[in-house]
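Reading the structure
Letter by letter, the chains look like this.
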Number of protein chains: 2
Amino acid sequence: MTKSLAEDIREKLGSCTATERRAALALLANYPVLGLGTVAQFASAAGVSSPTILRFAARMGFSTYAALQTRLRTELEDQLKSPLAKGPESAAEPGVLDFADIACTNISDTFRQLPRTELEAVVALLGDEKRTLYLLGGRFTDALARYMAAHLRILRGRVVHVAGQEGNWRDYLVDMGRKDVLIVFDIRRYQSDLARLSVAAANLGVTIVLVTDSWLSPIASVATHVLPARVSVPSPWDSSAALMVIAETLIAGVTAADPERSKRRISMLEVYRDDDDPKRRSGRTGEVPPKDLADPQA
Amino acid sequence: MTKSLAEDIREKLGSCTATERRAALALLANYPVLGLGTVAQFASAAGVSSPTILRFAARMGFSTYAALQTRLRTELEDQLKSPLAKGPESAAEPGVLDFADIACTNISDTFRQLPRTELEAVVALLGDEKRTLYLLGGRFTDALARYMAAHLRILRGRVVHVAGQEGNWRDYLVDMGRKDVLIVFDIRRYQSDLARLSVAAANLGVTIVLVTDSWLSPIASVATHVLPARVSVPSPWDSSAALMVIAETLIAGVTAADPERSKRRISMLEVYRDDDDPKRRSGRTGEVPPKDLADPQA
DNA sequence: CGCGCCCTGTTCCATTTATTACAGAATTGC
DNA sequence: GCAATTCTGTAATAAATGGAACAGGGCGCG
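This section reports on the structure supplied with the text. (Residues numbered from 1 in each chain as written. Chains lettered and ligands numbered in written order. Predicted model: local features only at pLDDT ≥ 70, side-chain atom pairs only at ≥ 80, totals over all residues. Heavy atoms only, no water.)

1. Some details on the overall build of chain A
- The number of helices and strands found in chain A is 12 helices and five strands.
- When each of the 298 residues of chain A is scored for burial, the buried share is 56%.
- In chain A, 67% of the contacts between residues at least 6 apart in sequence involve partners at least 24 apart.
- Within the structure as shown, chain A displays about 12500 Å² of accessible surface, and the carbon and sulfur contribution to it stands at 54%. (Helix = DSSP H or I, 4+ residues; strand = E, 2+ residues; numbered from the N terminus. Buried < 20%, exposed > 50% of the residue type's maximum accessible area, 1.4 Å probe, protein only. Contact = heavy atoms within 4.5 Å. Areas by Shrake-Rupley, 256 points an atom, 1.4 Å probe, with all protein chains shown as cover.)

Structure follows, in structure tokens:
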């Protein structure tokens, strides 16, 4: 998979017959779109007959035309996902800057494809204090559930972080009802335990919000709202940065949805804070500007 | 035809039924490739039935599924022909896009200012298995400490997440020594409890790595390495996205620093995994690509 | 110059695929 | 809580597609 099918075609061009070559050239001319339609379309665009297209596909090493199409599609998918996978030029240093850049691209792409209406619907859901909110995450994404819960708990009551072992999760289920909301974070190497809980919750009529990767966790099939994010980075691990920005966007949305309540609750909780540094230290970088949580600026 | 079908879908999303919406989201999640295959593939990838896909296509104004595919193909063709035809995703709505954009800018800025040498030094520190790693976070950043710990624990031994109440933290102190490392996440509304632990650790000769915001937590004065990040976003809350990318960069760095060990440990732990979906569902988009953790690609 | 081979297109068939009809399930409104 | 309506999946149908066999034609070789 390291080299594009286009290159492959160019190489094998010599071993093609005359009309097959026309087919190949037509495909290369508008690659890969031409190969994504039907054989007949391909054939007429190349000015040859259908069987020639099939023979061409066979010569390229595909046992069936569908196989060629699949190859084309996956290739296109990869290419669209990481716009940096241009030619075969491998950047000398795939190091640190790339990683951050790609994480940024992921976030941009994620939000470009996230429908606003979905976000708004979820924000409305999360802002509704009559619904109990349950947050759940996987091996790594549990941290996100926790992070989001920590914020939401300040903004509203009835926020539950489903933590601990799967065995204990069932205990949460008994309290879930039709009006409640389960927010699940699940990215690839999808965890079947999360799916189990989600399905059980769905059967209870719980509204399920799924934050996942662009391949969609199987939980999508029982979810009411799905927020997919880009997670691929040049590392064996996936990046949850985009997931986190989604979480933060939702938090910001809930905060802004009812500014009065947010302000009130935030300042109330400020009173209880004891972990703030009591003795502000003197002359650091300019001023240390603690964001005044009691006075939302947006 | 001037606007992308993707936008169209996003607009009409409101008038969709629940399952149709899932189809739409699945398509948007990996646009446009998913729409180029067969209906059955689309359906299973979206977790709905075939007729739903057809109904979705109909609601989008296509009399037939083939019409939708044609539209997708021509659009793709145009896009590939003129690479300058950037998505017309203008700033329709300032609210949501701003947030994501600014989060991106934060990340870029953060890494522009992070000295590579610092990163490398910290990576070397974290990769050294002779040192015990302690991770600690604040109210919100505890999730990051947890996230990072979850990864590091796979890559190496002797990783401790300092959790729970401050009172219990002292128990960790007794084990800390001159060779050990404490990674602290602390952003504004800096927490004095974190500072107390850090100072105590510093007095024991522990190497302290601080991940903080650009105004620098007071812990900076006792830290060996400081990694500052941009956290401001248009919300009363701060964004930890840049912190997370820093964490992920470090994780990726440690993974790449000793690929042999990483590979070995990851695959060893894979064996113990029981939470993977045993029955991979059949015909997803191309393939559901679970990143092969046992075979790092970078 | 004529024979034979390989290539190419036409036609047909089998398979896959999109599509429609229907019935069950869920949900909304009263 | 019940009924009407909408929605969604199952199953059957019809169309379109890919694939295979077949026949005509161009080309080189003897």
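2. Things to note about the environment of B:Leu197
Residue and element names in this part refer to chain B.
- Note that leucine 197 resides in helix 10 (residues 192–203).
- Residues leucine 197 and tyrosine 172, spaced 25 residues apart in sequence, show a C-alpha to C-alpha distance of 9.7 Å.
- The contact partners of leucine 197, leaving out residues within four places of it in the chain, are Leu136, Val162, Trp169 and Leu173.

3. Brief notes about the packing of aromatic side chains
Residue and element names in this part refer to chain A.
- Inspection of every chain in the model, using the stated rule, returns four aromatic pairs over all chains.
- Between phenylalanine 140 and tryptophan 237, the aromatic rings sit 5.9 Å apart at their centres with planes inclined by 90°, giving edge-to-face as the arrangement. Of this pair, phenylalanine 140 sits in the loop between strand 1 (133–136) and helix 8 (142–155) while tryptophan 237 sits in the loop between strand 5 (225–229) and helix 11 (241–257), placing them 97 residues apart in sequence.
- Of the residues examined, phenylalanine 140 reaches a relative accessible area of 16% and is grouped as buried. (Phe/Tyr/Trp six-rings, centres within 6.5 Å; stacked < 30°, edge-to-face > 60°.)

4. Points about the sheet that holds strand 2 (residues 159–161) of chain A
All names here are of chain A.
- Pairing within the open sheet is parallel, and its five strands lie in the order 2-1-3-4-5. Two strands bound the open sheet, and with one partner strand each, they are strand 2 and strand 5. Neighbour-to-neighbour, the strand axes of this sheet turn through a mean angle of 15°, independent of strand direction.
- One ladder, built from four bridges, connects strand 1 with strand 3 (residues 181–186); its direction is parallel. If you follow tyrosine 134 over to strand 3, its bridge partner there is leucine 182.
- Taken strand by strand, helix 7 (residues 116–127) contacts strand 1, strand 3, strand 4 (207–213) and strand 5, and its axis lies near 120° from that of strand 5.
- Across the sheet, helix 10 (residues 192–203) is in contact with strand 1, strand 3 and strand 4; its angle to strand 3 comes to roughly 160°. (Pairing = 2+ DSSP bridges. Axes fitted to C-alpha atoms, helices over the stretch in contact; angles between N-to-C directions.)

5. Overview of helix 7 (residues 116–127) of chain B
- Along its 12 residues, helix 7 of chain B runs 16 Å from first to last C-alpha, staying within 8% of the 16 Å computed at 1.5 Å per residue.
- Looking only at helix 7 of chain B, the buried set comprises B:Leu119, B:Val122, B:Val123, B:Leu125, B:Leu126 and B:Gly127. (Expected span 1.5 Å × (residues − 1).)

6. Side note on the protein's contact with DNA strand D
- Neighbouring DNA strand D are 14 residues, the closest being A:Val39, A:Thr64, A:Tyr65, B:Thr17 and B:Thr52.
- Backbone atoms, meaning sugar plus phosphate, form 67% of the atoms of DNA strand D positioned within 4 Å of the protein.
- Within the backbone of B:Ala18, an N or O atom sits 3.3 Å from a phosphate oxygen of DNA strand D.
- Within the side chain of B:Ser49, a nitrogen or oxygen atom sits 3.1 Å from a phosphate oxygen of DNA strand D.
- Mapped onto the surface near DNA strand D, the elements with two or more residues apiece are helix 3 (39–46) and helix 4 (50–59) of chain A together with helix 2 (18–29) and helix 4 (50–59) of chain B.
- The dominant element in the surface near DNA strand D, judged by the number of residues it contributes, is helix 4 of chain B, at three residues.
- The residue makeup of the surface near DNA strand D, split by class, is seven nonpolar, six polar and one charged. (Near = heavy atom within 4 Å. Polar contact = N/O pair within 3.5 Å; in protein donor to acceptor, adjacent residues only side chain to side chain. Nonpolar A, V, L, I, M, F, W, Y, C, P; charged D, E, K, R; others polar.)

7. Structural notes on the nonpolar core
- Of all hydrophobic cores here, the largest spans 103 residues; its most connected members are A:Leu126 and B:Leu126.
- Setting aside residues up to four positions removed in sequence, B:Leu126 forms contacts with B:Leu133, B:Met148, B:Leu152, B:Arg156, B:Val181, B:Ile183, B:Leu250 and B:Val254.
- Formed by 78 residues, the second largest nonpolar core is a distinct cluster that contains A:Ala6, A:Leu27, A:Ile53 and A:Val206. (Core = buried A, V, L, I, M, F, W, Y, C linked by side-chain atoms within 4.5 Å.)

8. Thoughts on the sheet that holds strand 3 (residues 181–186) of chain B
Residue and element names in this part refer to chain B.
- Strand order in the open sheet formed by five strands is 2-1-3-4-5, with parallel pairing between adjacent strands. Unpaired on one side and paired on the other, strand 2 (159–161) and strand 5 (225–229) mark the two borders of the sheet. Geometrically, the sheet is characterised by an average inter-axis angle of 15° between neighbouring strands, direction not taken into account.
- Against the sheet, helix 10 touches strand 1 (133–136), strand 3 and strand 4 (207–213), its axis set at about 160° to strand 3.

9. Focus: the pairing of strand 1 of chain B
Residue and element names in this part refer to chain B.
- Burial along strand 1 is two-sided: Leu133 and Leu135 facing one way and Tyr134 and Leu136 facing the other are all buried.
- The pairing of strand 1 with strand 2 spans three bridges and is parallel. Pairing of leucine 133 across the sheet is with valine 159, part of strand 2.
- On the question of chirality, the crossover connecting strand 1 to the parallel strand 2 by way of helix 8 (residues 142–155) is right-handed. (Right-handed = clockwise from strand over helix to strand, strands pointing away.)

10. Observations regarding the protein's contact with DNA strand C
- As a matter of local geometry, DNA strand C sits amid 14 residues, with A:Thr17, B:Val39, B:Leu54, B:Thr64 and B:Tyr65 nearest to it.
- Within 4 Å of the protein, the contacting atoms of DNA strand C are 62% sugar and phosphate, with bases supplying the remainder.
- Within the side chain of A:Thr52, one N or O atom sits 3.0 Å away from a phosphate oxygen of DNA strand C.
- Within the contact set of DNA strand C, a phosphate oxygen lies 2.8 Å away from a backbone nitrogen or oxygen of B:Val39.
- Secondary structure elements with two or more residues in the surface near DNA strand C: helix 2 (18–29) and helix 4 of chain A together with helix 3 (39–46) and helix 4 of chain B.
- For the surface near DNA strand C, the leading source of residues is helix 4 of chain A, giving three residues.
- Split by residue class, the surface near DNA strand C holds seven nonpolar, six polar and one charged.

11. Description of unusual backbone geometry
All names here are of chain B.
- Here the bond from tyrosine 31 into proline 32 is cis, since omega is -10°, no more than 30 degrees from zero.
- With respect to the helices and strands, proline 32 occurs in the loop between helix 2 and helix 3.
- A positive phi angle, close to 60°, is found at arginine 189, a residue other than glycine.
- Tracing the backbone shows arginine 189 in the loop between strand 3 and helix 10.
- At leucine 216, a position not held by glycine, the phi torsion is positive, near 60°.
- If you trace the backbone, leucine 216 turns up in the loop between strand 4 and strand 5.

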